[in-house]
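Chain by chain, the residues run as shown.
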Amino acid sequence: KQEVTQIPAALSVPEGENLVLNCSFTDSAIYNLQWFRQDPGKGLTSLLLIQSSQREQTSGRLNASLDKSSGRSTLYIAASQPGDSATYLCAVRYQAGTALIFGKGTTLSVSS
Amino acid sequence: GAGVSQSPSNKVTEKGKDVELRCDPISGHTALYWYRQSLGQGLEFLIYFQGNSAPDKSGLPSDRFSAERTGGSVSTLTIQRTQQEDSAVYLCASSLDRGAEAFFGQGTRLTVV
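What counts, and at which threshold
Residues numbered from 1 in each chain as written. Chains lettered and ligands numbered in written order. Predicted model: local features only at pLDDT ≥ 70, side-chain atom pairs only at ≥ 80, totals over all residues. Heavy atoms only, no water. Helix = DSSP H or I, 4+ residues; strand = E, 2+ residues; numbered from the N terminus. Buried < 20%, exposed > 50% of the residue type's maximum accessible area, 1.4 Å probe, protein only. Contact = heavy atoms within 4.5 Å. Areas by Shrake-Rupley, 256 points an atom, 1.4 Å probe, with all protein chains shown as cover. Lys, Arg positive; Asp, Glu negative; His and termini not counted. Charge placed at Lys NZ, Arg CZ, Asp CG, Glu CD. Buried area = accessible area lost by both parts, 1.4 Å probe. Salt bridge = Lys/Arg side-chain N within 4 Å of Asp/Glu carboxyl O. Pairing = 2+ DSSP bridges. Axes fitted to C-alpha atoms, helices over the stretch in contact; angles between N-to-C directions. Core = buried A, V, L, I, M, F, W, Y, C linked by side-chain atoms within 4.5 Å.

Draft legend 1. Representation of the overall build of chain A. When helices and strands are counted, chain A shows zero helices and 11 strands. Ordered by position in the sequence, the α and β elements of chain A form the string β-β-β-β-β-β-β-β-β-β-β. Dimensions of chain A, computed from the C-alpha atoms along their principal axes, are close to 40 × 30 × 20 Å. Out of the 112 residues in chain A, the part that is buried amounts to 45%. The long-range share in chain A, meaning contacts at least 24 apart out of those at least 6 apart in sequence, stands at 55%. For chain A, the exposed surface amounts to about 5,200 Å²; the carbon and sulfur share of it is 46%. In chain A, 9 positive and 8 negative side-chain charges are present, and the distance between their average locations comes to 7 Å.

See below:
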């Protein structure tokens, strides 16, 4: 069964810290991987999309890496801010034309 | 429109009634997905439409659930004879094509009383 796991389930850090969120998947033959952010009571906001041929993608203070051989992706957030507090979701697409499979997310709390 | 639009944003219905949830994808996007998010749970895939191909219905939890996509654009998710366990947030997403970045709507919160 193709599964996506995110660890930790929750994380609390003080403002200014750099942090890493982890995502692992059971089958290394993925098509692409997408990171999302979800604020309470809201929909999902796309953060970064990494294709299977790529090793990393960057957007502002966010950097996502992909290591297919080990079945892992990490989302690095630099200089965290209270506004980064949200649930971060990792989703894997195993083949083009198939749906994304989601992890259960990491809930991040950044205190000022 | 600028993003994926879902309506209604909230729906309260009595057990046993039918409900329809609507999704307007981003213009030009050929792929459309429905997911369900229950309290404290992850996103559960329901159904996927890609262009004119037959939809992938493998995630629909029972035959009370159905969905259609008219003219390759607007989609409607229908739940017949609603049950309390159907209470959840129903999320719709679209992408430009079959493997592209997915964009989500704000969801419809369904409460069955």
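Draft legend 2. Local environment of the environment of B:Gly28. Residue and element names in this part refer to chain B. Secondary-structure assignment places Gly28 in the loop between strand E3 (19-24) and strand E4 (31-37). For Gly28, a relative accessible area of 55% puts it in the exposed group. Taking the C-alpha atoms as reference points, Gly28 and Leu96, separated by 68 residues in sequence, lie 6.7 Å from one another.

Draft legend 3. Representation of the interface of chain A and chain B in the model. With 20 residues of chain A at the interface, the matching set in chain B holds 20 residues. Summed over both sides, the interface between chain A and chain B buries roughly 1,500 Å², with carbon and sulfur atoms accounting for 53% of that surface. Our count for the chain A to chain B interface comes out at zero salt bridges. Among the elements of the structure, strand E4 (32-38), strand E5 (44-51) and strand E9 (86-93) of chain A are those that each provide at least two residues to the side of chain A that touches chain B.

Draft legend 4. Quick look at the sheet that holds strand E6 (residues 65-69) of chain B. All names here are of chain B. If you trace the four strands from one edge of the open sheet to the other, you get E1-E3-E7-E6, paired in antiparallel fashion. Only two strands of the sheet have a single neighbouring strand rather than two, namely strand E1 (5-7) and E6. Here the average twist between neighbouring strands, direction ignored, is 15°. Across five bridges, the pairing between E3 and strand E7 (residues 75-79) is antiparallel. What sits directly across from Glu20, in E7, is Thr78.

Draft legend 5. Quick look at the nonpolar core. Residue and element names in this part refer to chain A. Phe25, Leu33, Trp35, Leu75, Ile77 and Tyr88 are the most contacted members of the largest nonpolar core, which totals 24 residues. Elements represented by at least two residues in this core include exactly strand E3 (19-25), E4, E5, strand E7 (62-67), strand E8 (72-77), E9 and strand E11 (106-111). With residues up to four places along the chain from it excluded, the contact list for Ile77 reads Glu17, Asn18, Leu19, Leu21, Arg61, Leu62, Asp84, Tyr88 and Leu108.

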